[in-house]
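Secondary and tertiary structure notes
Below are the chains, spelled out letter by letter.
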Amino acid sequence: MPAAARRRGAGMMLWGLLWVALARCYNVDVGRPVVFQGPNGSFFGYSVLQHYHDSTRWVLVGAPKAESKYSSSVQSPGAVFKCRVHTNPDRRCTELDMGRGNFRGAPCGKTCKEDRDDEWMGVSLARQPKAGGSVLACAHRWKNIYYETEYILPHGFCNIIPPNLQPNGRKLLPCYEEYKKKYGEEHGSCQAGIAGFFTEELVIMGAPGSYYWTGTVKVLNLTDNMYYKLNDDAVIARRYTYLGYAVTAGHFSQPTATDIVGGAPQDGGIGKVYIFRTDRRSGSLIKIFQASGKKMGSYFGSSLCAVDLNSDGLSDLLVGAPMFSEIRDEGQVTVYINRGNGVLEEQLVLNGDGAYNAHFGESMATLGDIDDDGFSDIAIGAPKEDNYIGAVYIYHGDANGIIPQYSMKLSGQTINPMLQMFGQSISGGVDMDGNGYPDLTVGAFLSDNVVLLRSRPVITMDISIFLPASINITAPQCHDGLQPVNCLNVTVCFRFSGKSVPGEIGLNYNLTADVAKKEKSQQPRVYFVTSGETVGQIAEKLQLSYMQEKCEQYLAYVKKRVKDVISPIVFEAAYSLGEHMIERGKQDKELPALKPILRWKKGQKISQRNQTVFERNCQSDDCAADLKLQGKLLLS
């Protein structure tokens, strides 16, 4: 009897259920959330942003209805808070000082006086994607009251905050033009900054109120200090489309180009999304792609996410339609895969769980590669799911684009049932705890909370089952007791790898013989013998060292008088993690190291299979009879 047979576990009934539990969770840890609380009623969490400067990690939070201690004379202008991730045991957040004015009517240009009351500072946040990146914070309800006896002009305001979060930022009024005073006309009511995006060189601000709510996208080139203009008559001639309600940017036309995306959720009632390339010579935005929604009132284009899902160097596009309804506002997200040269092809539609009034697709964020498989992953918010508690769904990229099944549903109810509108805002892509995996941050603004959820290390198992090419049942090779029987050697080899994983792990596994027959509730044709008993499955526990292969050998016996010698004999090793030790010296009292988890198998059972066949010595694979009968009638 092999040595492994002496280490059999007693809980054989449990092993078959382990893969089911694992399939419902993955490597975003919900057991140790880091929760930040903002001022009551401030909409703290309406926007969130992961930020880092030098070695310090911050969660930046927009609270657009907050009072500001730096602008005490202004009525509820909103604020941006900074929450340090490390060395902050009380989870305190402090307001950023942006060096703003403190009284109504402060001059802001030749024909500009500002009114910051209810400006909604923090409605959107974005970050330059580089080390030492700056932060964009906007207030789309900022008003110019220079002509207030005739018109109050909600131009919108944005601030570029330096990487160290000090007040000496750059103030932007992308819609202000001298002596332009009419509300609605041109940019008089543009409300710039309701959505914002930052690339290394470009500041992109949505302005859905321009041209009588046709909307536009304001794009500032920081290198040239110039704005690109959208002059496409076919786009700007349609009123009340709300172009700029959502914005993003990516590499759509070619890997080295940066193209701009704008959502117009009211266009034609069904919504549209446009991709524009930037033409530096003319200073224009030129349309290269457009797509339309499928259903009236779905708000297609109200959220956008540009992400390279299949790692081909080109950005793919996800478009949210959070009010898409079969019954009521379940929401959906359409995935477009880039085929090159700005040609995007619809791959599929995501629906989450299709929950009633969930508003799935209200927010989206690229997370980076949270499970270290070489492909980018995304999070999609459904903030009204479960009666406004909210949820966030995690999806994964792969070589074909996106895996249709989500790997995790992060339920606000599970994290804290007091959360409300969890998933209204999401930010990811930054390793906040230093374990080598990007983490994500989720806003729940109706309860004034923000939740940082950390990613667990992922263990990749390399498992091989070695079997003979075939089994000769005409010549018994073994004895079961005194009876000669046919048998075969089964060798199972294990090895694990992964980033930031322990040096040694425990592994539980079940080795099942003739598993295909078992799944059909049929009698297996082969069996093991352990402790004198005949069994169809063996439960084992192993200790494995990093990148070191360990093999276990078994003897499987073939039952007598096997009727089915055609179908293959399938062996399966289903496995789960056992106990392991987290390395000393890596413990952090505030952010303790997280236990690793096995790699997700795209919704499939976490197992490995191999098969062999009975040696049939037939001319055809199915051993079909090829009997030919010839006859002659002889009469005399």
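Note that this is a predicted model, so its numbers are computed, not measured. (Residues numbered from 1 in each chain as written. Predicted model: local features only at pLDDT ≥ 70, side-chain atom pairs only at ≥ 80, totals over all residues. Heavy atoms only, no water.)

Moving on: the overall build of the chain. Looking only at helices and strands, one finds 6 helices and 45 strands in the chain. Judged by the C-alpha coordinates and their principal axes, the chain covers about 120 × 80 × 45 Å. Evaluated residue by residue, the chain yields a buried proportion of 53% over its 636 residues. Approximately 28,300 Å² of the chain is accessible, and the part contributed by carbon and sulfur atoms is 49%. (Helix = DSSP H or I, 4+ residues; strand = E, 2+ residues; numbered from the N terminus. Buried < 20%, exposed > 50% of the residue type's maximum accessible area, 1.4 Å probe, protein only. Areas by Shrake-Rupley, 256 points an atom, 1.4 Å probe, with all protein chains shown as cover.)

Turning our attention to the state of the cysteines. A complete count under the given rule lists 6 disulfides for this structure. Between the sulfur atoms of Cys138 and its disulfide partner Cys158 the distance amounts to 2.0 Å. Since a negative S-S torsion denotes a left-handed disulfide, the Cys138-Cys158 link at about 110° is right-handed. Of the two residues, Cys138 is situated in strand E9 (residues 135-139) and Cys158 in strand E11 (residues 157-161); the sequence distance between them amounts to 20 residues. Residue class for Cys158 comes out buried when judged on its relative accessible area of 0%. What pairs with Cys175 in a disulfide is Cys190, and their sulfur atoms sit 1.9 Å apart. For the disulfide bridge between Cys175 and Cys190, the dihedral angle about the S-S bond is near 110°, and by the sign convention the bridge is right-handed. Of the two residues, Cys175 is situated in the loop between strand E12 (170-172) and strand E13 (196-198) and Cys190 in the loop between E12 and E13; the sequence distance between them amounts to 15 residues. Here Cys175 matches Cys190 in class, with each residue buried. Unpaired in this structure, Cys305 has its nearest cysteine sulfur neighbour in Cys138, at a distance of 19 Å. Relative accessible area serves as the criterion here: at 5%, Cys305 is assigned to the buried category. (Disulfide = S-S within 2.5 Å.)

Before going further, it helps to spend a moment on the pattern of salt bridges. Applying the stated rule across the entire model yields 28 salt bridges. With its nearest N and O atoms 4.0 Å apart, the salt bridge here joins Glu185 to Lys182. On the accessibility criterion, Glu185 (35% relative accessible area) is partly exposed. Using a relative accessible area of 42% as the deciding quantity, one classes Lys182 as partly exposed. One salt bridge in this structure joins Asp433 and Arg454, with 3.0 Å as the shortest N-O distance. Placement of the pair is Asp433 in the loop between strand E30 (422-430) and strand E31 (439-444) and Arg454 in the loop between strand E32 (449-453) and strand E33 (458-466), with a sequence separation of 21 residues. (Salt bridge = Lys/Arg side-chain N within 4 Å of Asp/Glu carboxyl O.)

Here we come to empty space enclosed by the protein. Counted under the stated rule, the structure contains 2 cavities of 30 Å³ or more. Around the largest cavity, the lining is made up of 14 residues, and of these Ser68, Glu95, Met98, Arg100 and Arg116 lie nearest the centre. Of the residues that constitute the lining of the largest cavity, the class distribution is 6 nonpolar, 4 polar and 4 charged. (1 Å grid on protein atoms, 1.4 Å probe; cavity = no way out; pocket = protein on both sides within 12 Å on 5 of 7 lines; lining within 4 Å. Points joined across faces, edges and corners; volume = space filled by probe spheres on them. Nonpolar A, V, L, I, M, F, W, Y, C, P; charged D, E, K, R; others polar.)

Moving on, we come to the confidence of the model for the chain. Averaged over all residues, the pLDDT of the chain equals 91, while 93% of them reach at least 70. Taken as a whole, residues 1-23 scores under 50 in pLDDT and shows 39 contacts with residues more than four places along the chain or in a different chain. (pLDDT = per-residue confidence, 0-100. Contact = heavy atoms within 4.5 Å.)

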